[in-house]
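Examination of the molecular architecture
If you want the building blocks of each chain, they are given just below.
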Amino acid sequence: MVRAVAVAHPNIALVKYWGKRDTALNLPAVPSLSLTLSRFHTRTEVTWGAEADRVVFNGADADTETARKVLATLDRLDRARPPCLVETVNSFPSAAGLASSASGFAALVLAAAAAAGNDLPREQLSVLARQGSGSACRSLWGGFVEWKLGDRADGTDSHGVPVAPADHWDVRMVVGIVSGNKKPVGSTDGMDRSRRTSPYYDRWVRLGPERVAAGRDAVLRRDLEALGTVMESSTFEMHATMHTSVPPLIYWLPGTVACLHAVQALRRGGIGAWATMDAGPNVKVLCLGSDAESVAAALSPHVDRVEILSPGGDPTVEVLG
Ligand code: DP6
């Protein structure tokens, strides 16, 4: 019996992943680019060689679907594995409006591989995390990370690649929490609906590579206006694809739109702030560290809570013996 523990951070997409070209392998239809966040994290401990398989999430047995996905990830790591105990705790409330599946599957693959004594390269761990939840493949690194589309049929070249470390640029994500309720349609089902029914889906897929190239270039040049502009384009193109799905996927609430107007007003007032939203109503605003308090003040009348988050570092892993 060996135990290992890993700690990983969530990430927010600057250029979005929406759509799969292969559902079985969880291969994306578009490349994407993200920023890993500090402060919030998932801590996962894996006991390799327990009495029976068991998945515990925030102190209670995980629901059947979560447990199935977690155990399937362990099976992919080792078909002949022993029974395992997986214990996961999120440092952030699930109502924080940040995807916990990204930090969750990143911490899981790191802890499981270490407990199994399997010294896999981080790219291979990223591939394993991707099969659990796509966006998780980006949380294997801190800072700015690109998820490569890849072109191999088996998906072994579709994984995260670090673009720049957390200390590359003093930016912030100001997260306006409009609602902490669970989203009505999950990402996996929503993406499938968009692929099948949105007349904008093909165009969304065609635009992906150039959006990521522009985003990567803006990150490397530390050009906030260029990055903010491409981030908003990617966000609104993704939501246009969602809105034109049948039936429409409308993740926004009135507070979401109020925040979008507040961000535009900030820009008219000379503050560099750009908005992004995922498959939910919360608004995340990219700005410089020096503007974060002003951005938070502008969002706060429209939201339940505001969190100011900095770029976060690499995940960590430790064998406990
Ligand atoms: C809108 O990674 O949650 O947040 O691969 O089906 O588990 P699955 O989806 P998931 O999708 C995230 C979609 C997004 C955009 C993004 O993070 O790139």
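Residues numbered from 1 in each chain as written. Predicted model: local features only at pLDDT ≥ 70, side-chain atom pairs only at ≥ 80, totals over all residues. Heavy atoms only, no water.

**Topic: the overall build of the chain**
Which entries qualify depends on this criterion: The helix count covers DSSP runs of H or I at least four residues long, the strand count covers runs of E at least two residues long, and both are numbered beginning at the N terminus. Restricting the calculation to C-alpha atoms gives the radius of gyration, and the globule rule supplies 2.2 Å times the number of residues raised to the power 0.38. Exposure classes here rest on a 1.4 Å probe applied to the protein chains alone. A residue is buried below 20% of its type maximum, exposed above 50%, and partly exposed in between. Residue contacts are counted whenever heavy atoms from the two residues lie within 4.5 Å of one another.
Across its full length, the chain holds eight helices and 16 strands. Taking 2.2 N^0.38 as the reference for a compact globule, 321 residues should give roughly 20 Å; the C-alpha atoms of the chain span a radius of gyration of 19 Å, in line with that estimate. Projected onto its principal axes, the C-alpha positions of the chain cover 60 × 40 × 35 Å. The 321 residues of the chain split such that 53% are buried. Looking at the chain alone, contacts between residues at least 24 apart form 76% of all its contacts between residues at least 6 apart.

**A short note on the pattern of salt bridges**
Put simply, the rule is: We define a salt bridge as a contact between a side-chain nitrogen of Lys or Arg and a carboxyl oxygen of Asp or Glu at a distance within 4 Å.
The tally for this structure, following the rule as stated, stands at 19 salt bridges. Close ionic contact of K16 with D278 constitutes a salt bridge, the shortest N to O distance being 2.7 Å. Here the residue K16 occupies a position in the loop between β2 (11-15) and β3 (20-22), and D278 occupies one in the loop between β13 (273-276) and β14 (283-288), the gap between them amounting to 262 residues. Taken together, the shared-partner salt bridges in this structure form one network comprising R3, R43 and E45.

**Here's the deal with unusual backbone geometry**
Between V246 and P247 the backbone carries a cis peptide bond, its omega angle lying at -10°. Position of P247 relative to the elements: it lies in the loop between α6 (224-243) and α7 (254-268). We note that R39 has phi near 65°; this positive angle belongs to a residue other than glycine. Within the fold, R39 resides in the loop between β5 (32-36) and β6 (42-48). Here the phi dihedral of R222 falls at roughly 50°; this positive angle occurs in a residue that is not glycine. The residue R222 is located in the loop between α5 (201-221) and α6 in this model.

**What to know about the pairing of strand β9 (residues 84-90)**
When a strand is regular, its side chains alternate between the sheet's two faces. Definition in use: For two strands to be treated as a pair, DSSP must find at least two bridges joining them.
Burial along β9 is one-sided: C84, V86, T88 and N90 are buried, while L85, E87 and V89, pointing the other way, are not. In the sheet, β6 pairs with β9 via seven bridges, with the strands oriented antiparallel. Residue W48 lies in a different strand from β9, and its bridge partner there is C84. Relative to β9, strand β7 (residues 54-57) is paired through four bridges, and the arrangement is parallel. Paired with V56 across the bridge in β9 is E87.

**Here we look at the sheet that holds β5**
Put simply, the rule reads: Angles here are taken between N-to-C directions and fall from 0 to 180 degrees, while the axes themselves are lines fitted to C-alpha atoms, restricted in helices to the stretch in contact.
Reading across the sheet, the four strands line up as β2-β5-β10-β11 and stay open at both edges, with antiparallel pairing between neighbours. The sheet terminates laterally at β2 and β11 (160-164), the two strands that pair on one side only. Neighbouring strand axes in the sheet, compared pairwise and without regard to direction, differ in orientation by 35° on average. As judged from the four bridges shared by strand β10 (residues 144-147) and β11, these two strands associate in the antiparallel manner. Bridging across to β11, E146 finds its partner in V161.

**Notes on the site of the ligand**
We count it as follows: Nearness of a residue to a molecule or strand requires only that one of the residue's heavy atoms be within 4 Å of it. In protein, a polar contact means a hydrogen-donor-capable atom and an acceptor-capable atom, both N or O and within 3.5 Å, with residues adjacent in sequence counting only if both atoms are side-chain atoms; elsewhere, any N or O pair within 3.5 Å suffices. Gly is placed with the polar residues, together with every amino acid not listed as nonpolar (Ala, Val, Leu, Ile, Met, Phe, Trp, Tyr, Cys and Pro) or charged (Asp, Glu, Lys and Arg).
Near the ligand there are 16 residues, and of these Y17, K20, S133, S135 and T188 occur at the shortest range. One nitrogen or oxygen atom from the side chain of T188 is found 2.5 Å from an oxygen atom belonging to the ligand. The element contributing the most residues to the shell around the ligand is helix α4 (residues 187-197), with three residues. Residues belonging to the shell around the ligand are distributed by class as follows: six nonpolar, six polar and four charged.

**Some remarks on helix α1 (residues 64-77)**
So the rule is basically this: Here, expected helix span is obtained from the residue count minus one, scaled by 1.5 Å. Each direction from the helix axis to a C-beta atom contributes to the arc, which is the arc of those directions.
Between its first and last C-alpha, α1 extends 20 Å over 14 residues, near the 20 Å set by a 1.5 Å rise per residue. Looking at α1, one finds that the buried residues are A67, V70, L71, T73, L74 and L77. Buried residues of α1, viewed axially, fall in a sector of 145°; they line one side. Its side-chain oxygen placed 3.2 Å from the backbone nitrogen of E65, D63 serves as the N-cap of α1.

**Overview of the pairing of β5**
Along β5, five of the five residues are buried, which leaves the element largely enclosed by surrounding structure. Burial along β5 is two-sided: the face carrying S32, S34 and T36 and the face carrying L33 and L35 are both buried. Here four bridges tie β2 to β5, and the two strands are oriented antiparallel to one another. Bridge pairing in β5 places N11 opposite T36.

**Overview of the nonpolar core**
What counts is decided by this rule: Nonpolar cores are built from buried Ala, Val, Leu, Ile, Met, Phe, Trp, Tyr and Cys residues. Side-chain atoms within 4.5 Å join them into one set.
V46, W48, L74 and L140 are the most contacted members of the largest nonpolar core, which totals 31 residues. Residues contacting L140, with those up to four places away along its chain left out, are A106, V109, L110, R122, L125, S126, A129 and P315. Judged by nonpolar contacts, the second largest core, of 26 residues, contains V15, V171, V230 and L286.

**Describing the environment of T276**
Relative to the elements of secondary structure, T276 occurs in strand β13. Exposure remark for T276: the relative accessible area of 0% places this residue in the buried category. On a C-alpha basis, the gap between T276 and L14 in space is 7.5 Å, while along the polypeptide they are 262 residues apart. A polar side-chain atom of T276 sits 2.7 Å from a polar atom in the side chain of K16. A polar contact is formed between the side chain of T276 and the side chain of T235, at a distance of 2.7 Å.

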